[in-house]
Amino acid sequence: MKQYIWTISFLLVFFNGWSHPLTDTVKVNQVLIVIKTDEPKKLNALYISNFLKSNYTSLSDLLTNASTISFKNYGAGGSSTISFRGTNANHTKVLWNGLSIGSSMLGLLDFSTIPTNSSDKIEIQYGAASAEYGSAAMGGVILLNTNNPFENNSNKISFSQTYASTDAAISQLNLKFGKEKIRSIFTLNYLNNQNHYRFSNYTQFNNPKQNQINAEVKSGGIIHQIYYQLNSRSLFTLHSWYQESDRNIGPPIFNRNQTAYQLDHALRNIATYSTIKNSFHRYKWTLGHNREYIRYVNRIKAGATNLELLNSKSTFDAINFEFSYGRNFVKRNEQINLSSIYEGASIADYGKYQYRFRNSLAINEEFILKNNWTIDFINRYEYALRKNLFASQISFNKKNLLKKDLAIGLWLSKNYNLPSLNDLYWQPGGNPSLLAEQGLELDLNVKYKNKSDIISLNTYYGMINNWILWQPAAIENGIWTPQNLRQVNIYGLELIATMNRKLGAFYFHTNYNFSINHAINSKSMSLNDQSVGKQLIYVPINKSSLLLKLSHQNTWFQYSFNYNGFRYTSSDNKQFLPTYLLHDIALGHLFLHQQNQYQILFRIENIGNKNIESIPFRPLPGRVYSINLQLYLNK
């Protein structure tokens, strides 16, 4: 009840504070609600529209429904990890305003800890990109960026409040304010989800309905960003983000006595200085720091007592310095990047503090040829773990092919991925002799654009050698250790289509994503290895999603579905999770008052109330009802 009272008070205070000078209600004309389609510069990239972003409070849910990316959700309160083009979670790089926010200790990012309002602009880049972004970019790259606030100097406030039937409350606040030379962005997020829902326990006789237990989640974060325009050619920025969460992890349905919980704390800071000396020369210095603290406790109930089975505490630090120089000519552009990265972690299982340095040089040369042809060369050298690593990419792009709205791109890349600190130093089992994973990939993209309609077709083929896999080192000791065991072939097709039509007084929007992703193990790891020629586990071969939105003036109705194909849970592909098709609907209305906007959105997810699992024995919520209130105030 306190949450409801706080929310109502907050809305009243800000409404009165920002609207006090506007004493009269002014009648405004009805407006047509449209979805602005952003088109990224790269053919193999996709922007997530602000409309789609405002419909979701979880970044993993947003990316699942707005792209061809799939996720593994470890049940209520558990982590959420990404699978991009059939690769592992440690093969997708996530950058927040240029800073890598994945953990080099774990080798991945837990998307359940990232709120949707952590960035203004979300860009997805498909395909391996180690030459441009370095390690951990063999599947793709996700960029979480902030728009330059100097592009619009007005002061703005936006507030979003969501209540869901799982007894969840989500609050998000964004403030943009400042003067001519200095602008500030202040962001708050808060989540309190009790995860109250029922599911069928198929491990017990007659599949009884049971309540989810020990799955409460509380998280919150503060982001403060400062932009200072020193002069017409120089800009200084400072980004700071603190995020924490306290979550109980729902137990597997076959053992409801487990009472695990996890505490997460993350502090990220980025300082950048960029300057343009003249029309040809650009310089940029970046210093970033990422610190993460994780405490995981696994307990089991024994009567009225919780017996502690595991209590693990870890701290990870990454410090990144980067210098970038670029210049433009009439028919050629070039950029040089120098970076130095320090990564260190402290955990009892390492035996001592472990760290590593990574130094790299990347050179990008783009040539602009006749008839709208461009050729792009990127080469990267990195020295890490006393080894020399190389990545390169060459791409050919042609615009105005056959028709002026058709473009085609071809990419050939050589990539690498470093082992995580856990892979190297975990005791017992860590393997300091691990090699970096090596990959080759070929991508072909065809994109058609006509006004606001965009149809993009990607096809790709790749091979990853030295794939790192944990398995028992010997039968007699049973210790698991990572080894460069697999060779994996990845190939598939992706279709992304966005269409807009005006039908009389109605506006019709469609967003459709479809993918076929094969990730096949092609190397035997033992004499009787039955995983050769089989799909990797938890990678759906088929995935598709559809969003249909019908608008009339200030009101809209939205229908969407999300389809996931079979996901194998054993390496011999004999065990699997079944396909599922989820249907969602939403109804929204936008209220206008002078320069301010107020929006209300009712949403029903999983209309069919289907029991679904992303990981075996970890049920996700069935039908969920939610209401979302949003305010957009300008001054």
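In the block above lies the structure referred to throughout.
Residues numbered from 1 in each chain as written. Predicted model: local features only at pLDDT ≥ 70, side-chain atom pairs only at ≥ 80, totals over all residues. Heavy atoms only, no water.

Enquirer: What should I look at first to understand the environment of Arg-356 in this one?
Expert: Considering the arrangement of structural elements, one finds Arg-356 in strand S19 (residues 354–368). Arg-356 gets classed as buried once you look at its relative accessible area, which sits at 7%. Arg-356 sits twelve residues away from Gly-344 along the chain, and the two C-alpha atoms are 6.4 Å apart. Those residues within four positions of Arg-356 in sequence are excluded, and the remaining contacts are Ser-104, Ile-341, Tyr-342, Glu-343, Leu-385, Leu-418, Pro-419, Leu-421 and Leu-424. Side-chain polar atoms of Arg-356 contact the side chain of Glu-343, separated by 2.7 Å. (Helix = DSSP H or I, 4+ residues; strand = E, 2+ residues; numbered from the N terminus. Buried < 20%, exposed > 50% of the residue type's maximum accessible area, 1.4 Å probe, protein only. Contact = heavy atoms within 4.5 Å. Polar contact = N/O pair within 3.5 Å; in protein donor to acceptor, adjacent residues only side chain to side chain.)

Enquirer: Just to check I follow, could you spell out helix H3 (residues 59–66) for this structure?
Expert: One turn of an α-helix holds 3.6 residues; hence residues three or four places apart share an orientation. Among the eight residues of H3, seven are classified as buried, and the element is accordingly described as predominantly covered. Residues of H3 that are buried: Leu-59, Ser-60, Leu-62, Leu-63, Thr-64, Asn-65 and Ala-66.

Enquirer: What's the story with the nonpolar core in this structure? I'm lost.
Expert: Side chains that are nonpolar tend, in soluble globular proteins, to be buried together. One finds Ile-48, Leu-63, Phe-111, Ile-142 and Leu-144 to be the most contacted residues of the largest nonpolar core, which totals 29 residues. Counting only elements with at least two residues in this core, the list comes to strand S1 (45–48), H3, strand S4 (92–96), strand S6 (121–126) and strand S7 (140–145). A per-element tally of this core places H3 first, with four residues. The contacts of Leu-63, once residues within four sequence positions are left out, are Ile-48, Ile-69, Phe-71, Phe-111, Ile-122, Ile-124 and Ile-142. Core analysis: the second largest hydrophobic core is formed by eleven residues, Phe-316, Ile-347, Tyr-350 and Leu-424 among them. (Core = buried A, V, L, I, M, F, W, Y, C linked by side-chain atoms within 4.5 Å.)

Enquirer: Would you mind showing me how to read the packing of aromatic side chains here?
Expert: Aromatic ring pairs: the centre-centre distance and the angle between the two ring planes describe each pair. A full pass over the atoms with the stated rule returns 22 aromatic pairs. Look at Tyr-283 and Trp-285: their rings are 6.1 Å apart centre to centre, the planes differ by 15°, and that puts the pair in the stacked class. Ring geometry for Tyr-350 and Trp-426: centres 6.4 Å apart, planes at 85°, overall edge-to-face. Highlighted residues: Tyr-350 in the loop between strand S18 (332–347) and S19 and Trp-426 in the loop between helix H5 (421–425) and strand S23 (437–450), separated in sequence by 76 residues. Residue classification places Tyr-350 among the buried residues on the basis of a relative accessible area of 4%. By relative accessible area, which is 24% here, Trp-426 ends up partly exposed. Following the ring pairs from residue to residue traces out a cluster consisting of Tyr-273, Tyr-283, Trp-285, Phe-323 and Tyr-325. Across the ring face of Tyr-460, the terminal group of Arg-85 is positioned such that the distance to the ring centre comes to 4.1 Å. Positioned over the ring face of Trp-241 is Arg-268, at 4.6 Å from the centre of the ring. (Phe/Tyr/Trp six-rings, centres within 6.5 Å; stacked < 30°, edge-to-face > 60°. Lys NZ or Arg CZ within 6 Å of the ring centre and 35° of its normal.)

Enquirer: Would you take a moment to explain unusual backbone geometry for this structure?
Expert: Excluding glycine, residues mostly have negative phi values, and the peptide bonds linking residues are mostly trans. Residues Gln-427 and Pro-428 are joined by a peptide bond in cis, for which omega reads 0°. Relative to the helices and strands, Pro-428 resides in the loop between H5 and S23. For Gln-553, which is not glycine, the phi dihedral falls at a positive 55°. In this fold, Gln-553 is placed in the loop between strand S27 (542–552) and strand S28 (555–564). The backbone phi angle of Asn-609 is positive, close to 55°, even though this residue is not glycine. Turning to its location among the elements, Asn-609 is positioned in the loop between strand S32 (596–605) and strand S33 (624–634).

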